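Structural overview for review
The residues making up each chain are set out below.
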Amino acid sequence: MGNTKDCILEVSNLSVKLQDQIILDNVSFRLRKGTALAILGPNGAGKTTLFKALLNLVPYTGKIEWKSKVKIGYVPQSISVKDIPISVKEFLTFKKGSSISECLGAVRLDAKKILDKGLGLLSGGELRRVLIAWSLMDKSNVLLFDEPTTGVDLDSEEPIYVMLNELKRKHRITILLISHSIHIVEEYSDYLLALNRCTTFFGESKEIMNPSLQKTIYGETVCRGPIA
Amino acid sequence: MREGIHTTDFLTYSLIIGVFVGLSAGYLGSIMVLEKMALVGDALSHVALPGLALGILFNFNPFIGAFGFLFVSAVIIWYIGKITKLSYEAIVGAIFTLALAIGILIIPEVDLLEALFGDITKVTLTDMLTAIVISVVAILLTKVIYRRIVLGMISEDLAASTGVNIARANLLYLLLVSLVVAVGLRIVGTLLVGFLVVVPAAAAKTVSTNLLKYSILSALFGALSSSSGVLLAGYLNLPAGPLVVFSGVAVFLATVLVKWSHRHAEPRT
């Protein structure tokens, strides 16, 4: 996949074992700078654990090699803010490096309107955008999104992916995203890594429309809706 | 009253201790309330009782004994929490009644009331200076780790991905709480000092929309509760502990009233 000069991440024979259970088994892939990799797989396939291994938050065997000058921003699937009286401004200033209004602008939020709002009072879509802005705050050039549209209503999902695509194009940011949607994978990622503890597929995302690949990943052909 | 010490002396000392312990307990308590560890603050203070008892029995400073017990308990709680991922509340809940029971059994009966409810008439200049130093150090160190702990509450993974060592920050925090609780025992007593950690922060949370306001109000409400309690105790010649509790509850009810009136003032949509 592309030449090695442009490679930003190389994962070889990655295995993770937690509490005597194999969570990831011999996963290998390579990723080029400025591309988007979608990670697909059933629940318990090891998708989030793969991210944790990439962030060096869980013990693993095998090799994870990030190329030099990589700054990783991470957006987890869920956060708990309901009971914490913290404003958007206070949350974003946990990280330093970039201007807050620039990062909020990049995710199409108006700093003047949102900075003093309580983080726990934001809508699902606003919260996701603030989290993406947070991940950009320290000038990250690799972004890891664990289901970036969790808690977002259907109408607001697509604009978030459009925005991520724009970030990738404009700033040459490399994106790794976990998704359950065939449509999102096909439309907004360049490469697909299908996991079920081991790699079931790695290649170009457009292959996802191939019924035999869908059978391999899900055990059956998936009907394509606007958002699967 | 002890010979050679004027009422105004111990009252002044107690008042200053009250202000500093109230500030630090309120500030540190603001994290505890967010972590849903309110029971920890309350229960941790009971753990001090066996330490106080040992000090009295073996004739060394009972507050050093109390701090020793609090310190060791905090480390045990932290370690069990780290390896089992049980909530701090569950762990403390399991050991605090045991500590209280041991303390009540071994402490001489004559000293029990003072240990449980504090006694401002026995406060000295050294107690006051110790309280000031410990409170200031506790506030400054907590300020350093405050954001890290809050980020860990929002998401442990998020915090860890930015290089925050949550376990280390939590350990330091529990140790600082132990210190502040040990100092607070002097005037409020082991049964009620936990109140100072929990209620001012709960009151501040009721009326706060951001972290800065919340932490500052927690500290100020703590200082207000304890200083007004000590003053009342001095003038009414009653134990300070219960009066600090009454003052704190009054502050809490005032914030509930403010919140209630704001809700009613908001236009209905």
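In what follows, the structure referred to is the one given above.
Quick look at the structure, then.

Cut-offs used in this document
- Residues numbered from 1 in each chain as written.
- Chains lettered and ligands numbered in written order.
- Predicted model: local features only at pLDDT ≥ 70, side-chain atom pairs only at ≥ 80, totals over all residues.
- Helix = DSSP H or I, 4+ residues; strand = E, 2+ residues; numbered from the N terminus.
- Rg over C-alpha atoms; globule rule 2.2 N^0.38 Å.
- Buried ≥ 20, exposed ≤ 12 C-beta atoms within 10 Å, placed from the backbone.
- Contact = placed C-beta atoms within 7 Å.
- Pairing = 2+ DSSP bridges.
- Axes fitted to C-alpha atoms, helices over the stretch in contact; angles between N-to-C directions.
- Nonpolar A, V, L, I, M, F, W, Y, C, P; charged D, E, K, R; others polar.

**Details of the overall build of chain B**
Broken down by element type, chain B carries 11 helices and 0 strands. Scanning chain B from its N terminus toward the C terminus, one meets helices and strands in the order α-α-α-α-α-α-α-α-α-α-α. Its C-alpha radius of gyration of 18 Å places chain B within 12% of the 18 Å reference for a compact globule of 269 residues. Seen through its principal axes, chain B has C-alpha atoms that stretch 60 × 45 × 30 Å. Classification of the 269 residues of chain B by burial places 54% in the buried group. In chain B, the share of contacts with a sequence separation of at least 24, taken over all contacts with a separation of at least 6, comes to 77%.

**A few points about the sheet that holds strand β9 (residues 198-204) of chain A**
In sheet architecture, strand pairing relies on hydrogen bonds along the backbone and comes in two forms, parallel and antiparallel. All names here are of chain A. Strand order across the open sheet formed by 6 strands is β5-β6-β7-β3-β8-β9, with mixed pairing between neighbours. Of all the strands in the sheet, just β5 (72-75) and β9 have a single pairing partner and so form its edges. Taken pair by pair, the neighbouring strands of this sheet meet at an average axis angle of 15 degrees, ignoring direction. Relative to strand β7 (residues 174-178), strand β6 (residues 142-146) runs parallel, the two sharing 5 bridges. Following the sheet pairing, Val 142 is matched in β7 by Thr 174. Its contacts with the sheet place helix α1 (residues 47-54) against β3 (36-40), β6, β7 and β8 (191-196), and it is angled at close to 150 degrees to β6.

**Details of the sheet that holds strand β4 (residues 61-66) of chain A**
Residue and element names in this part refer to chain A. With antiparallel pairing, the 3 strands of this open sheet are ordered in space as β2-β1-β4. Edge positions in the sheet fall to β2 (21-32) and β4, since each of these pairs with one other strand and no more. Here the average twist between neighbouring strands, direction ignored, is 15 degrees. As paired elements, strand β1 (residues 7-18) and β4 share 5 bridges and run antiparallel to each other. Bridge pairing links Ser 12 to Lys 63 in β4. Strand contacts of α1: β1, β2 and β4, with the helix running at about 65 degrees to β2, the strand carrying the most contacts.

**Let's talk about the interface of chain A and chain B**
Facing the 17 residues of chain A at the interface are 19 residues of chain B. For the side of chain A that touches chain B, the residue count by class is 10 nonpolar, 3 polar and 4 charged.

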